[in-house]
Every structure is written in C-alpha cells, then in structure tokens.
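# Results of the structural survey
For reference, the chains in residue letters:
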Amino acid sequence: MAKDRGKRPKPAPAGRAAPAARPKAAPDGKRATLSRALSKLGFCSRTQAEGLIAAGRVALAGRIVTDPETWIDLADAAITVDGAAVAARKPVYFMLNKPRGLVTTRHDPEGRPTVFDCLKHLDPAHLSPVGRLDKASEGLLLFSNDTEFSNALLDPKTHVEKTYHVQIDRRADRAVLEALEKGVHHDGEFLRARTVRHLRDGERNSWLEIVLDEGRNRQIRRMLEARGIACLRLVRVAIGTLALGDLEKGAVRALTQAEVEDLRRLAAQAPRKARR
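Here we summarise the structure given alongside this text. (Residues numbered from 1 in each chain as written. Predicted model: local features only at pLDDT ≥ 70, side-chain atom pairs only at ≥ 80, totals over all residues. Heavy atoms only, no water.)

### Brief notes about the overall build of the protein
Per the secondary structure count, the protein includes six helices and 17 strands. Here the protein holds 276 residues, and 41% of them are scored as buried. Accessible area for the protein stands at about 16,300 Å²; split by element, carbon and sulfur atoms hold 51% of it. (Helix = DSSP H or I, 4+ residues; strand = E, 2+ residues; numbered from the N terminus. Buried < 20%, exposed > 50% of the residue type's maximum accessible area, 1.4 Å probe, protein only. Areas by Shrake-Rupley, 256 points an atom, 1.4 Å probe, with all protein chains shown as cover.)

As structure tokens, then:
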C-alpha cells in the first residue's frame, strides 16, 4: 500500500462542532468585525456591542450572529439590533468639566456617581469617554460617538499633549521641577513629564503646570508618589489646543467644528521629535 502523502485532519471531538475558519486577510477601510462595525457606526461602544451580539440580539440580513469577530462589509451590511436597522449616526463631540468624585464609566457596580450623570440631557447612550480621569481628578473630559476620532487622540504614537494644573503638598523648588522632567521609575514603568512649570505658591503648597504627551494610568500621581510628594488636586485644563476655559464644573458643551478639526490635525501629525 502506498504511503499517505499527508496527514488527515483530526476529527472534532464528539459533541463539538469544528470551529469555522475565519478570514485571515487584513480588512480594508470598509471591512470590520461586527462588534467593531457597531462601534464605528456610533451605535454603542465595542464592549457593549460584544454583549449585544453574545445575547443574540444582533442580526445580519435577518440572520442572528453570535460571534463578535464576524467580518462584514460596512458598505452593504444589513445590521439590525432587536429587529431595528442600524444606520450610521451623525458624529458628535462634547466636553465636560468633570467634578471631583465621579468615576469615568457608564455603570458602576458599587453604585458610585459617574460622569454620565452629567450627560443625561444629551441622550448619552451612544457616547463614550475619550480616555479617562480617575475619581479624584477633575477637568476636561471628552465624549464622542466617533471611534476613529477617539482612537486617534488616544493612540500613544501621536503624542497629543494634555495639560494639567496640579496642587502638591509642599512649596516647589527647582529640584522638584527638574526631578519630574527627568523622570522616575514606578512599578516597572519609566514615567516622565514633557514639561513642568511652577504656577504659584500657598503657605504650604504649590501649584504646578504639568504637560504629558503619553497616557499612562495615573501617571502624574505615580510620578509624585515616587518622589514622596502628595497630590492634593489634579485638574486637566487642556487637550492639545482645546482648553477647558471657563466651562463651569459639571457643565457640558459641544465642540465647535474648528475645535474638532484642530484635534484631528494634532492626532494626524507624525510623532514629535525626541524630548530635549
């Protein structure tokens, strides 16, 4: 008997269907996974989309699909959720002056107030925060249903600058400023500010302006902690060219078209040159 020219594929275990092969070709601008498509269309966040798909609430051309990684063509896919057609939503962009004490999430399992409590009048079901501010931090927080815009601003390769006013528990001298600009190692990461500037002093504290061009988790607080400095207040006052200005605490306003385009241009720029 002639030898086998190749090994036969192993049968799937009893009671389990063999997984269907997924396309390996890289998607072009019109193709996306189903969960990503719902996000790109502004219907919901990608995480929410995965939940809807897993629950059997999403259909393609009338057929229920439960795999969020199913590839579709955005140009002609007929997507429905609970039987209602999904169409691309008009992109919207808002800024919030986040008060201290709110968590940046849609639903908090501990029942704490969230930033979405400030957006109830906007029908925020299809809005997602662009980045985060921790519970104790304040200031400028963006929201949008435009995932490409959000991802571009958050991409660490673009180095879009974020400016913070930070109150510390001591009078700052030049050594403190230089130490923060020089950088510190904390929990296995090297953290450094792009620039640090002294703003003003109180009797036992100082306000600093700290500019970051990367988005590490709790970066400023960790930098200060590594130097033995306590952060009393942290307020984000600008993202790129967009300033918080005189927007009242807890207030929300829509971005102007010029502001959106300015942020797009910043995010589209090549990575900045190495720091001095």
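Additional details are given in the paragraphs that follow.
### Considerations on helix 5 (residues 219-226)
For helix 5, the tally of buried residues reaches six of eight residues, placing the bulk of the element in the interior. Those residues of helix 5 that sit buried are Q219, I220, R221, R222, M223 and L224. Looking at the buried side of helix 5, the elements it contacts are strand 10 (162-168), helix 4 (174-182), strand 11 (184-186), strand 12 (189-191), strand 14 (206-212) and strand 15 (231-239). Just past helix 5, the residue G228 takes up positive phi, approximately 75 degrees. (Contact = heavy atoms within 4.5 Å.)

### A look at the side chain of T158
Summarising the element assignment, T158 is placed in the loop between helix 3 (147-154) and strand 10. At 3.3 Å, the side chain of T158 and the backbone oxygen of A152 are in polar contact. Setting aside residues no more than four positions away along its own chain, T158 makes contact with A152, L153 and A267. (Polar contact = N/O pair within 3.5 Å; in protein donor to acceptor, adjacent residues only side chain to side chain.)

### Observations regarding the pattern of salt bridges
In total, this model carries 19 salt bridges according to the counting rule given. A salt bridge links D201 to R171; its shortest N-O distance comes to 3.5 Å. With D201 in strand 13 (residues 195-201) and R171 in the loop between strand 10 and helix 4, this residue pair connects regions lying 30 residues apart in the sequence. D201 gets classed as partly exposed once you look at its relative accessible area, which sits at 38%. On the basis of relative accessible area, R171 is assigned to the partly exposed category, the value being 48%. (Salt bridge = Lys/Arg side-chain N within 4 Å of Asp/Glu carboxyl O.)

### Considering the pairing of strand 7 (residues 93-98)
The element strand 7 is largely enclosed, with a buried count of six among its six residues. The side-chain alternation of strand 7 yields two buried faces, one formed by Y93, M95 and N97 and the other by F94, L96 and K98. As paired elements, strand 7 and strand 9 (residues 138-144) share six bridges and run antiparallel to each other. Note on strand 9: the bridge partner recorded for M95 is L142. Here strand 7 pairs with strand 17 (residues 252-254) via three bridges, running antiparallel. Within the sheet, the bridge partner assigned to F94 lies in strand 17 and is A254. (Pairing = 2+ DSSP bridges.)

### Looking at the packing of aromatic side chains
This model, assessed by the stated rule, comprises two aromatic pairs. Pairing Y93 with F149 gives two aromatic rings, centres 4.9 Å apart and planes at 70 degrees, and the pair type is edge-to-face. Here Y93, found in strand 7, pairs with F149, found in helix 3; they are 56 residues apart in sequence, far enough to count as distant. Accessibility assignment for this pair places Y93 and F149 in one class, buried. (Phe/Tyr/Trp six-rings, centres within 6.5 Å; stacked < 30°, edge-to-face > 60°.)

### What about the side chain of N145?
Structurally, N145 is set in the loop between strand 9 and helix 3. At 3.0 Å, the side chain of N145 and the backbone oxygen of K90 are in polar contact. Beyond its immediate sequence surroundings of up to four residues, N145 is in contact with S39, G42, R89, K90, P91, V92, H126 and L127.

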